[in-house]
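Per-entry structural report
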Amino acid sequence: MKVILQDKNVYILRFDTDEDVVKEIGKFCSEESIDAASFSAIGAAKQVALSYYNLQTKTYQDKTMSEDLEITGVLGNIVTMDGKVVVHAHGTFGKDTYEIIGGHVKELIVSATCEVILTKLEGFIEREYDEVTGLNLMK
Ligand code: ZN
């Protein structure tokens, strides 16, 4: 991952082949002491691991797709939980048939490139477990 540009609190980041964008954004924010941020991404992926949260069973069902996909749009945020950076991202991905798949993004492996705009926010947001939804919600 390379920082292409930093304009005050806004970073333009470039991710390269075989990098996991979700993992690397978390690492970057930890290293830069970024506790709250929002980001968006476009580019091309060779593998994505997506989740769908079943609210009835309070469990995630996972699906990994290993094929060339357009990253048509990823939106995410950075907060902390128990002192650690948590990356939360949802995204859509385009197939060669122009069909779209999407969901909660657990892993995003880059094929050609991925371009991320990340805005660092002043302050601090924490997540905590919520029994009603079974999710770690912002508090
Ligand atoms: Zn999610």
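Residues numbered from 1 in each chain as written. Predicted model: local features only at pLDDT ≥ 70, side-chain atom pairs only at ≥ 80, totals over all residues. Heavy atoms only, no water.

Another aspect to go through is unusual backbone geometry. Backbone geometry at K8 places phi at a positive 55 degrees, although glycine is not the residue there. Structurally, K8 can be placed in the loop between β1 (2–7) and β2 (10–16). Take K8: its relative accessible area is 72%, and that puts it in the exposed class. (Helix = DSSP H or I, 4+ residues; strand = E, 2+ residues; numbered from the N terminus. Buried < 20%, exposed > 50% of the residue type's maximum accessible area, 1.4 Å probe, protein only.)

Turning our attention to the coordination of the zinc ion. Donor atoms from the polypeptide that bind the zinc ion are H88 (NE2), H90 (NE2) and H104 (ND1), placed at 2.0 to 2.1 Å. For H88, a relative accessible area of 25% puts it in the partly exposed group. (Donors = N, O, S within 2.8 Å, 3.2 Å for Na, K, Ca; no water.)

Should their charged atoms come close, side chains of opposite charge can pair. Using the criterion set out here, one finds six salt bridges in the structure. Across the pair K95 and E67 runs a salt bridge, and its minimum N-O distance is 3.7 Å. Of this pair, K95 sits in the loop between β5 (84–94) and β6 (100–120) while E67 sits in strand β4 (residues 59–81), placing them 28 residues apart in sequence. Its salt-bridge partner being K139, residue E128 comes within 3.7 Å of it at the nearest N-O pair. In this pair, E128 sits in strand β7 (residues 127–130) while K139 sits in the segment after β8 (135–138), placing the two residues 11 residues apart along the sequence. Its relative accessible area of 41% is what places E128 among the partly exposed residues. Here K139 falls in the exposed class, since its relative accessible area comes to 62%. (Salt bridge = Lys/Arg side-chain N within 4 Å of Asp/Glu carboxyl O.)

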